[in-house]
Amino acid sequence: MTGYRYGVHWLAFVVDGPSEEAFVLYDLFFRDLFGSLQGMGHGGRGFQEIWYSLLGFKVYVHPSQGEMEYFHFEIPGQACELIHWQILQALDDLLRHNYPERYHYTRLDCAFDDVPFSPAEVEAAITSGHVRSLAKRESMRVYKSPFEPRENGELGTYTVDFGSRKSERMMRVYNRRGFTRLELELKDRRADLVAKEILGSSDICDWGAIAIGHLQDFVSFQTEWWDEFVLEVGRAWATVTTPREISEARTTAWLRRQVSPALSVIHDIGPDNFLEILIREGRVRRQRGNRYELLLSGKQGSLDDSEGQNVRGGTSMEDHGVRDGTWQWCLHCERAYKAGEHREVGGLEMCPYESCSGDTVMDPWPWKRIREIHPGYPEEPERGKVYALYLRKG
Ligand SMILES: [Zn+2]
(Lines give C-alpha, C1' and ligand atoms only; values in the text may rest on other atoms or scores of the structure.)
Protein backbone atom coordinates (compact mmCIF):
# COMPACT_ATOMS: atom_id res chain seq x y z
CA MET A 1 0.00 0.00 0.00
CA THR A 2 1.63 3.18 -1.13
CA GLY A 3 -1.28 5.58 -0.76
CA TYR A 4 -1.33 7.56 -3.96
CA ARG A 5 -1.97 11.30 -4.16
CA TYR A 6 -4.13 12.93 -6.76
CA GLY A 7 -4.88 16.34 -8.17
CA VAL A 8 -5.65 18.40 -11.23
CA HIS A 9 -2.62 18.68 -13.47
CA TRP A 10 -3.95 20.71 -16.38
CA LEU A 11 -7.05 22.80 -16.86
CA ALA A 12 -8.24 24.80 -19.86
CA PHE A 13 -11.61 26.40 -20.47
CA VAL A 14 -13.43 28.72 -22.85
CA VAL A 15 -15.99 31.31 -21.79
CA ASP A 16 -18.40 33.15 -24.09
CA GLY A 17 -18.02 36.71 -22.90
CA PRO A 18 -16.17 39.94 -23.52
CA SER A 19 -12.42 39.99 -23.01
CA GLU A 20 -12.58 42.43 -20.12
CA GLU A 21 -14.28 39.73 -18.09
CA ALA A 22 -11.31 37.43 -18.63
CA PHE A 23 -9.16 39.92 -16.74
CA VAL A 24 -11.73 40.26 -13.97
CA LEU A 25 -11.79 36.48 -13.55
CA TYR A 26 -8.03 36.30 -13.53
CA ASP A 27 -7.74 39.04 -10.95
CA LEU A 28 -10.34 37.46 -8.70
CA PHE A 29 -8.91 33.98 -8.66
CA PHE A 30 -5.31 33.94 -9.78
CA ARG A 31 -3.52 37.26 -9.46
CA ASP A 32 -2.53 36.80 -5.84
CA LEU A 33 -0.82 33.54 -6.71
CA PHE A 34 0.60 34.17 -10.18
CA GLY A 35 1.07 37.94 -10.33
CA SER A 36 -0.39 40.39 -12.85
CA LEU A 37 -0.92 39.31 -16.44
CA GLN A 38 1.59 40.53 -19.01
CA GLY A 39 0.99 40.98 -22.71
CA MET A 40 2.96 38.75 -25.06
CA GLY A 41 2.77 41.35 -27.76
CA HIS A 42 1.29 38.91 -30.27
CA GLY A 43 -1.63 36.58 -30.77
CA GLY A 44 -2.00 32.91 -31.57
CA ARG A 45 -4.36 29.93 -31.60
CA GLY A 46 -7.09 32.00 -33.20
CA PHE A 47 -6.83 34.92 -30.79
CA GLN A 48 -5.41 38.37 -31.34
CA GLU A 49 -3.89 38.70 -27.89
CA ILE A 50 -2.19 36.35 -25.46
CA TRP A 51 -1.52 37.32 -21.87
CA TYR A 52 0.63 35.28 -19.50
CA SER A 53 1.88 35.04 -15.96
CA LEU A 54 4.13 32.71 -13.95
CA LEU A 55 4.70 29.07 -14.94
CA GLY A 56 3.06 29.32 -18.34
CA PHE A 57 -0.40 30.47 -17.20
CA LYS A 58 -2.04 31.92 -20.32
CA VAL A 59 -5.16 33.87 -21.17
CA TYR A 60 -6.22 34.23 -24.81
CA VAL A 61 -8.53 37.13 -25.66
CA HIS A 62 -10.15 38.76 -28.74
CA PRO A 63 -10.85 35.98 -31.23
CA SER A 64 -9.37 36.69 -34.67
CA GLN A 65 -12.51 35.65 -36.51
CA GLY A 66 -16.24 35.96 -36.15
CA GLU A 67 -18.51 38.24 -34.21
CA MET A 68 -18.68 36.17 -31.05
CA GLU A 69 -16.62 37.35 -28.11
CA TYR A 70 -15.03 34.60 -26.08
CA PHE A 71 -11.83 33.97 -24.19
CA HIS A 72 -9.69 31.00 -23.27
CA PHE A 73 -7.79 30.17 -20.08
CA GLU A 74 -4.94 27.67 -20.16
CA ILE A 75 -3.43 26.55 -16.86
CA PRO A 76 -0.65 24.07 -17.63
CA GLY A 77 0.74 21.33 -15.41
CA GLN A 78 3.07 22.93 -12.94
CA ALA A 79 0.94 26.05 -12.53
CA CYS A 80 -2.19 23.97 -12.08
CA GLU A 81 -0.64 21.87 -9.35
CA LEU A 82 -0.06 24.95 -7.20
CA ILE A 83 -3.65 26.09 -7.18
CA HIS A 84 -5.58 25.07 -4.11
CA TRP A 85 -8.56 22.93 -5.10
CA GLN A 86 -10.97 25.33 -3.39
CA ILE A 87 -9.92 28.07 -5.77
CA LEU A 88 -10.77 25.87 -8.75
CA GLN A 89 -14.08 25.01 -7.13
CA ALA A 90 -14.89 28.65 -6.46
CA LEU A 91 -13.99 29.45 -10.07
CA ASP A 92 -16.34 26.77 -11.36
CA ASP A 93 -19.02 28.02 -9.00
CA LEU A 94 -18.75 31.52 -10.39
CA LEU A 95 -18.69 30.31 -14.00
CA ARG A 96 -21.78 28.19 -13.39
CA HIS A 97 -23.70 31.14 -11.98
CA ASN A 98 -22.54 33.82 -14.36
CA TYR A 99 -22.15 31.89 -17.58
CA PRO A 100 -24.60 29.02 -17.44
CA GLU A 101 -24.32 27.09 -20.72
CA ARG A 102 -21.72 29.60 -21.84
CA TYR A 103 -18.52 28.05 -20.56
CA HIS A 104 -16.89 24.74 -21.18
CA TYR A 105 -13.69 23.02 -20.24
CA THR A 106 -11.48 21.99 -23.14
CA ARG A 107 -8.83 20.08 -21.26
CA LEU A 108 -8.49 18.39 -17.92
CA ASP A 109 -5.63 16.19 -16.76
CA CYS A 110 -6.09 14.19 -13.59
CA ALA A 111 -2.85 12.99 -12.07
CA PHE A 112 -2.23 10.15 -9.64
CA ASP A 113 1.17 10.13 -7.98
CA ASP A 114 3.01 7.24 -6.40
CA VAL A 115 0.79 4.53 -7.86
CA PRO A 116 1.68 0.90 -6.99
CA PHE A 117 3.03 -0.10 -10.42
CA SER A 118 5.70 0.89 -12.91
CA PRO A 119 5.55 2.03 -16.56
CA ALA A 120 7.23 -1.26 -17.50
CA GLU A 121 4.42 -3.25 -15.88
CA VAL A 122 1.84 -1.21 -17.79
CA GLU A 123 3.68 -1.81 -21.05
CA ALA A 124 3.89 -5.55 -20.35
CA ALA A 125 0.18 -5.77 -19.51
CA ILE A 126 -0.82 -3.98 -22.73
CA THR A 127 1.60 -6.08 -24.79
CA SER A 128 0.31 -9.35 -23.34
CA GLY A 129 -3.33 -8.33 -23.71
CA HIS A 130 -4.17 -8.05 -20.01
CA VAL A 131 -5.99 -4.84 -20.67
CA ARG A 132 -9.56 -3.86 -21.42
CA SER A 133 -9.92 -0.52 -23.18
CA LEU A 134 -11.55 1.32 -26.03
CA ALA A 135 -8.06 2.36 -27.03
CA LYS A 136 -6.38 0.08 -29.51
CA ARG A 137 -3.19 -1.72 -28.67
CA GLU A 138 -1.36 -0.01 -31.52
CA SER A 139 -1.98 3.35 -29.88
CA MET A 140 0.60 2.48 -27.22
CA ARG A 141 3.81 4.49 -27.43
CA VAL A 142 6.81 3.84 -25.23
CA TYR A 143 9.69 6.23 -24.59
CA LYS A 144 12.76 5.02 -22.75
CA SER A 145 15.90 6.93 -21.87
CA PRO A 146 18.01 4.46 -19.89
CA PHE A 147 20.60 7.03 -18.83
CA GLU A 148 18.46 10.05 -18.19
CA PRO A 149 18.36 10.82 -14.47
CA ARG A 150 14.97 11.06 -12.77
CA GLU A 151 14.19 13.82 -10.34
CA ASN A 152 15.13 11.54 -7.44
CA GLY A 153 18.55 10.83 -8.93
CA GLU A 154 17.81 7.26 -10.08
CA LEU A 155 18.88 6.51 -13.62
CA GLY A 156 16.53 5.88 -16.51
CA THR A 157 13.19 7.40 -17.46
CA TYR A 158 10.29 5.45 -18.87
CA THR A 159 7.02 6.75 -20.33
CA VAL A 160 4.09 4.76 -21.67
CA ASP A 161 1.33 6.59 -23.57
CA PHE A 162 -1.89 4.74 -24.33
CA GLY A 163 -4.74 6.05 -26.47
CA SER A 164 -4.86 8.04 -29.67
CA ARG A 165 -3.78 11.66 -29.46
CA LYS A 166 -6.78 12.56 -31.58
CA SER A 167 -9.26 10.97 -29.22
CA GLU A 168 -10.78 12.60 -26.17
CA ARG A 169 -8.99 10.32 -23.74
CA MET A 170 -5.39 9.32 -23.27
CA MET A 171 -3.40 7.78 -20.46
CA ARG A 172 0.22 8.46 -19.68
CA VAL A 173 2.31 6.55 -17.14
CA TYR A 174 5.83 7.77 -16.40
CA ASN A 175 8.53 7.84 -13.76
CA ARG A 176 10.48 10.99 -14.57
CA ARG A 177 9.63 12.38 -11.14
CA GLY A 178 11.04 9.33 -9.38
CA PHE A 179 7.76 7.73 -8.35
CA THR A 180 5.29 6.48 -10.97
CA ARG A 181 2.68 8.97 -12.04
CA LEU A 182 -0.44 8.15 -14.02
CA GLU A 183 -2.12 10.96 -15.92
CA LEU A 184 -5.54 10.76 -17.49
CA GLU A 185 -5.67 13.42 -20.22
CA LEU A 186 -9.16 14.48 -21.23
CA LYS A 187 -10.11 16.78 -24.06
CA ASP A 188 -13.15 18.60 -25.42
CA ARG A 189 -16.56 17.16 -24.47
CA ARG A 190 -15.05 14.56 -22.18
CA ALA A 191 -12.95 17.18 -20.35
CA ASP A 192 -16.05 19.34 -19.94
CA LEU A 193 -18.10 16.50 -18.53
CA VAL A 194 -15.52 15.31 -16.02
CA ALA A 195 -14.27 18.75 -14.97
CA LYS A 196 -17.79 19.92 -14.19
CA GLU A 197 -18.44 16.77 -12.20
CA ILE A 198 -15.19 17.00 -10.28
CA LEU A 199 -15.23 20.72 -9.57
CA GLY A 200 -18.91 20.64 -8.73
CA SER A 201 -18.49 17.97 -6.06
CA SER A 202 -18.70 19.37 -2.57
CA ASP A 203 -15.87 17.42 -1.02
CA ILE A 204 -12.34 16.98 -2.24
CA CYS A 205 -12.44 13.37 -1.03
CA ASP A 206 -14.90 12.67 -3.85
CA TRP A 207 -12.45 13.83 -6.48
CA GLY A 208 -10.21 10.81 -6.40
CA ALA A 209 -13.14 8.42 -6.65
CA ILE A 210 -14.76 10.36 -9.50
CA ALA A 211 -11.50 10.49 -11.43
CA ILE A 212 -10.78 6.79 -10.82
CA GLY A 213 -14.27 6.01 -12.12
CA HIS A 214 -13.60 7.87 -15.36
CA LEU A 215 -10.18 6.29 -15.64
CA GLN A 216 -11.76 2.83 -15.37
CA ASP A 217 -14.30 3.81 -18.02
CA PHE A 218 -11.35 4.19 -20.30
CA VAL A 219 -8.97 1.46 -19.24
CA SER A 220 -8.58 -1.39 -16.82
CA PHE A 221 -5.95 -4.05 -16.41
CA GLN A 222 -6.37 -7.65 -15.33
CA THR A 223 -3.47 -7.54 -12.93
CA GLU A 224 -2.97 -7.54 -9.17
CA TRP A 225 -1.38 -4.11 -9.13
CA TRP A 226 -4.37 -2.58 -10.88
CA ASP A 227 -6.83 -4.11 -8.41
CA GLU A 228 -4.70 -2.82 -5.57
CA PHE A 229 -4.64 0.66 -7.08
CA VAL A 230 -8.36 1.06 -7.75
CA LEU A 231 -9.33 -0.29 -4.34
CA GLU A 232 -6.95 1.98 -2.51
CA VAL A 233 -8.17 5.35 -1.29
CA GLY A 234 -5.85 8.14 -2.30
CA ARG A 235 -5.62 11.61 -0.87
CA ALA A 236 -5.50 15.00 -2.51
CA TRP A 237 -2.05 16.44 -2.83
CA ALA A 238 -1.16 19.48 -0.83
CA THR A 239 0.03 22.70 -2.42
CA VAL A 240 3.13 23.76 -0.56
CA THR A 241 5.12 26.09 -2.76
CA THR A 242 4.17 29.21 -4.69
CA PRO A 243 4.73 29.97 -8.39
CA ARG A 244 7.14 32.71 -7.39
CA GLU A 245 9.25 30.29 -5.35
CA ILE A 246 9.47 27.86 -8.26
CA SER A 247 10.41 30.57 -10.75
CA GLU A 248 13.04 31.88 -8.36
CA ALA A 249 14.43 28.37 -7.87
CA ARG A 250 14.61 27.85 -11.64
CA THR A 251 16.44 31.12 -12.22
CA THR A 252 18.85 30.37 -9.40
CA ALA A 253 19.54 26.90 -10.78
CA TRP A 254 20.20 28.34 -14.22
CA LEU A 255 22.68 30.87 -12.79
CA ARG A 256 24.50 28.13 -10.88
CA ARG A 257 24.65 25.72 -13.78
CA GLN A 258 25.17 27.95 -16.79
CA VAL A 259 26.62 31.21 -15.57
CA SER A 260 28.75 30.52 -12.50
CA PRO A 261 31.90 29.08 -14.21
CA ALA A 262 32.28 32.00 -16.64
CA LEU A 263 31.41 34.52 -13.96
CA SER A 264 34.00 33.14 -11.56
CA VAL A 265 36.72 33.46 -14.22
CA ILE A 266 35.98 37.11 -14.94
CA HIS A 267 35.67 37.79 -11.24
CA ASP A 268 39.15 36.33 -10.69
CA ILE A 269 40.95 37.97 -13.62
CA GLY A 270 38.83 41.03 -14.37
CA PRO A 271 38.34 44.43 -12.71
CA ASP A 272 37.88 44.42 -8.93
CA ASN A 273 34.28 45.49 -8.77
CA PHE A 274 33.07 43.63 -11.85
CA LEU A 275 30.21 41.89 -10.03
CA GLU A 276 28.90 45.18 -8.70
CA ILE A 277 29.04 46.79 -12.14
CA LEU A 278 27.29 43.80 -13.66
CA ILE A 279 24.43 43.95 -11.18
CA ARG A 280 24.01 47.69 -11.60
CA GLU A 281 23.88 47.21 -15.38
CA GLY A 282 21.39 44.40 -14.97
CA ARG A 283 19.07 46.54 -12.88
CA VAL A 284 18.93 49.11 -15.65
CA ARG A 285 18.56 46.57 -18.45
CA ARG A 286 15.80 44.58 -16.84
CA GLN A 287 13.61 47.66 -16.90
CA ARG A 288 13.49 47.56 -20.69
CA GLY A 289 11.39 44.42 -20.63
CA ASN A 290 8.96 42.86 -18.25
CA ARG A 291 10.47 39.39 -18.23
CA TYR A 292 11.31 39.44 -14.53
CA GLU A 293 8.43 41.60 -13.40
CA LEU A 294 6.53 38.73 -11.85
CA LEU A 295 9.55 37.56 -9.90
CA LEU A 296 10.17 41.05 -8.62
CA SER A 297 6.65 42.01 -7.68
CA GLY A 298 6.25 42.14 -3.96
CA LYS A 299 10.00 41.83 -3.40
CA GLN A 300 12.57 44.29 -2.15
CA GLY A 301 14.99 45.49 -4.78
CA SER A 302 12.42 46.49 -7.34
CA LEU A 303 13.42 49.84 -8.75
CA ASP A 304 10.12 51.01 -10.11
CA ASP A 305 6.45 50.51 -9.56
CA SER A 306 6.10 48.39 -12.66
CA GLU A 307 4.62 51.07 -14.82
CA GLY A 308 5.31 48.96 -17.89
CA GLN A 309 2.51 49.60 -20.34
CA ASN A 310 2.09 45.90 -20.97
CA VAL A 311 1.41 45.01 -17.38
CA ARG A 312 -2.14 44.78 -16.18
CA GLY A 313 -2.00 46.56 -12.89
CA GLY A 314 -4.35 46.61 -10.02
CA THR A 315 -3.92 45.99 -6.37
CA SER A 316 -3.24 42.69 -4.74
CA MET A 317 -4.86 40.92 -1.83
CA GLU A 318 -2.20 42.30 0.51
CA ASP A 319 -3.22 45.85 -0.30
CA HIS A 320 -6.85 45.15 0.37
CA GLY A 321 -6.12 43.67 3.74
CA VAL A 322 -8.51 41.38 5.51
CA ARG A 323 -8.31 42.93 8.94
CA ASP A 324 -11.26 42.29 11.18
CA GLY A 325 -14.01 44.77 10.50
CA THR A 326 -13.30 45.32 6.79
CA TRP A 327 -16.21 44.56 4.51
CA GLN A 328 -16.10 41.37 2.53
CA TRP A 329 -18.46 39.72 0.13
CA CYS A 330 -19.54 36.09 0.10
CA LEU A 331 -19.17 34.23 -3.18
CA HIS A 332 -21.99 31.87 -2.29
CA CYS A 333 -24.79 34.16 -1.13
CA GLU A 334 -23.41 37.37 -2.65
CA ARG A 335 -24.00 39.34 0.55
CA ALA A 336 -21.54 41.47 2.47
CA TYR A 337 -20.36 41.07 6.04
CA LYS A 338 -17.43 42.24 8.08
CA ALA A 339 -14.27 40.17 8.41
CA GLY A 340 -14.30 38.35 11.71
CA GLU A 341 -18.06 37.74 11.72
CA HIS A 342 -19.06 34.14 11.25
CA ARG A 343 -21.45 31.36 12.11
CA GLU A 344 -19.93 28.28 13.68
CA VAL A 345 -21.11 25.03 12.18
CA GLY A 346 -19.49 21.80 13.29
CA GLY A 347 -16.27 23.56 14.18
CA LEU A 348 -16.05 25.41 10.86
CA GLU A 349 -16.37 29.15 10.46
CA MET A 350 -19.13 29.69 7.96
CA CYS A 351 -20.57 32.79 6.31
CA PRO A 352 -22.60 34.60 9.03
CA TYR A 353 -25.79 34.58 6.94
CA GLU A 354 -28.16 31.80 7.96
CA SER A 355 -28.22 28.76 5.64
CA CYS A 356 -25.40 30.02 3.39
CA SER A 357 -23.01 27.23 2.41
CA GLY A 358 -20.01 29.52 2.03
CA ASP A 359 -17.15 29.52 4.54
CA THR A 360 -15.07 32.44 5.78
CA VAL A 361 -11.79 31.17 4.40
CA MET A 362 -12.14 30.68 0.66
CA ASP A 363 -15.47 32.23 -0.18
CA PRO A 364 -15.21 35.85 0.93
CA TRP A 365 -13.73 38.37 -1.46
CA PRO A 366 -12.68 41.85 -0.38
CA TRP A 367 -15.58 44.25 -0.92
CA LYS A 368 -13.11 46.64 -2.54
CA ARG A 369 -12.49 44.14 -5.26
CA ILE A 370 -16.20 43.73 -5.95
CA ARG A 371 -16.37 47.51 -6.30
CA GLU A 372 -13.57 47.41 -8.88
CA ILE A 373 -15.95 45.34 -10.98
CA HIS A 374 -19.06 47.32 -10.01
CA PRO A 375 -17.99 50.91 -9.31
CA GLY A 376 -21.67 51.69 -8.82
CA TYR A 377 -21.88 49.62 -5.65
CA PRO A 378 -21.67 51.73 -2.47
CA GLU A 379 -18.53 52.03 -0.38
CA GLU A 380 -20.47 50.77 2.62
CA PRO A 381 -22.59 47.81 1.55
CA GLU A 382 -25.98 47.21 3.10
CA ARG A 383 -26.24 44.23 5.41
CA GLY A 384 -28.31 41.36 4.06
CA LYS A 385 -28.58 42.84 0.60
CA VAL A 386 -27.60 40.66 -2.35
CA TYR A 387 -24.95 42.30 -4.55
CA ALA A 388 -24.84 40.18 -7.66
CA LEU A 389 -21.55 39.56 -9.38
CA TYR A 390 -22.93 39.56 -12.86
CA LEU A 391 -19.92 39.97 -15.03
CA ARG A 392 -21.94 40.65 -18.14
CA LYS A 393 -22.79 44.18 -18.98
CA GLY A 394 -26.33 45.35 -19.63
ZN1 LIG B 1 -22.69 33.66 2.32
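Residues numbered from 1 in each chain as written. Predicted model: local features only at pLDDT ≥ 70, side-chain atom pairs only at ≥ 80, totals over all residues.

Q: Tell me about the overall build of the chain, and please be specific about residues and values.
A: The number of helices and strands found in the chain is 13 helices and 18 strands. Residues classed as buried in the chain amount to 29% of the 394 residues present. (Helix = DSSP H or I, 4+ residues; strand = E, 2+ residues; numbered from the N terminus. Buried ≥ 20, exposed ≤ 12 C-beta atoms within 10 Å, placed from the backbone.)

Q: Any chance you could break down unusual backbone geometry for me, citing the residues and the numbers?
A: Despite not being glycine, Asp114 shows a phi value in the positive range, around 65 degrees. Position of Asp114 relative to the elements: it lies in the loop between β6 (103-113) and α5 (119-127). Under the C-beta neighbour-count criterion, Asp114 is labelled partly exposed, with 17 such atoms within 10 Å. In the Ramachandran plot, Ser355 falls in the positive-phi region, its phi being about 70 degrees despite a non-glycine side chain. Relative to the elements of secondary structure, Ser355 occurs in the loop between β17 (348-350) and β18 (364-366).

Q: Can you tell me about the sheet that holds strand β14 (residues 327-330), naming the residues and giving the values?
A: What holds strands together in a sheet is hydrogen bonding between their backbones, with the strands either parallel or antiparallel. Here we have 3 strands laid out as an open sheet, ordered β15-β14-β18, and antiparallel in their pairing. Of all the strands in the sheet, the pair left with one neighbour each is β15 (336-338) and β18. Averaged over neighbouring strand pairs, the angle between their axes works out to 40 degrees when direction is ignored. (Pairing = 2+ DSSP bridges. Axes fitted to C-alpha atoms, helices over the stretch in contact; angles between N-to-C directions.)

Q: Any chance you could break down the pairing of strand β9 (residues 155-162) for me, citing the residues and the numbers?
A: As defined by bridge partners, strand β8 (residues 141-149) adjoins β9 across 6 bridges and the pair is classed as antiparallel. Its bridge partner being in β9, Arg141 is matched across the sheet by Asp161. Hairpin connection of β8 to β9: 5 residues between the antiparallel strands, including Gly153 at a positive phi of 95 degrees. Where β9 meets strand β10 (residues 169-174), 4 bridges bridge the pair, whose relative direction is antiparallel. Across the sheet, Asp161 pairs through a bridge with Arg172, a residue of β10.

Q: Give a description of the packing of helix α6 (residues 188-200) against helix α7 (residues 204-218) that names residues and reports values.
A: At a minimum axis separation of 9 Å, α6 and α7 run at an interaxial angle of 160 degrees. With respect to their mutual orientation, α6 and α7 come out roughly antiparallel. At the point where α6 passes α7, the crossing takes the right-handed sense. Contacts from Val194, Glu197 and Ile198 of α6 reach α7 at Trp207, Ile210, Ala211 and His214. Residues belonging to the contact of α6 with α7 are distributed by class as follows: 5 nonpolar, 1 polar and 1 charged. (Parallel < 35°, antiparallel > 145°, perpendicular 65-115°, else oblique. Left-handed = near helix turned anticlockwise from the far one by under 90°. Contact = placed C-beta atoms within 7 Å. Nonpolar A, V, L, I, M, F, W, Y, C, P; charged D, E, K, R; others polar.)

Q: Describe helix α9 (residues 243-269), with residues and values.
A: Spanning 27 residues, α9 covers 37 Å between terminal C-alpha atoms, matching the ideal 39 Å at 1.5 Å per step. Bending of α9 peaks at approximately 60 degrees at the position of Val259, with proline Pro261 no more than four residues after it. Burial runs low along α9: only 2 of the 27 residues are buried. (Expected span 1.5 Å × (residues − 1). Bend = angle between axes of the 7 residues up to and from the residue.)

Q: For the nonpolar core, give the residues involved together with the corresponding values.
A: The biggest cluster of nonpolar side chains holds 77 residues, and the ones touching the most others in it are Leu11, Val59 and Leu108. Ranked by residue count, the leading element in this core is strand β1 (residues 5-16), at 7 residues. Built from parts of two domains, this core gets at least three residues from each of domain 1 (5-17 + 69-236) and domain 3 (317-373). Beyond its immediate sequence surroundings of up to four residues, Val59 is in contact with Ala22, Tyr26, Leu37, Trp51, Phe71 and Phe73. (Core = buried A, V, L, I, M, F, W, Y, C linked by C-beta atoms within 7 Å. Domains from an automatic or database assignment.)

Q: Residue-level account of the environment of His214, with values.
A: Tracing the backbone through its elements, the reader meets His214 in helix α7. His214 sits 20 residues away from Val194 along the chain, and the two C-alpha atoms are 7.7 Å apart. Not counting the four nearest positions on each side in its chain, His214 is found in contact with Leu184 and Val194.

Q: Which residues make up the pairing of β1, and what values do they have?
A: When you tally the buried positions in β1, you get 9 out of 12 residues, the bulk of the element. Bridge analysis of β1 against strand β13 (residues 235-236) gives 2 bridges, and the strand direction is parallel. Within the sheet, the bridge partner assigned to Tyr6 lies in β13 and is Ala236. The sheet contact formed by β1 and β6 spans 10 bridges and is antiparallel. Within β6, the position partnered with Val8 by the bridge is Cys110. As paired strands, β1 and strand β5 (residues 70-75) are joined by 6 bridges and run antiparallel to one another. Across the sheet, Phe13 pairs through a bridge with Phe73, a residue of β5.

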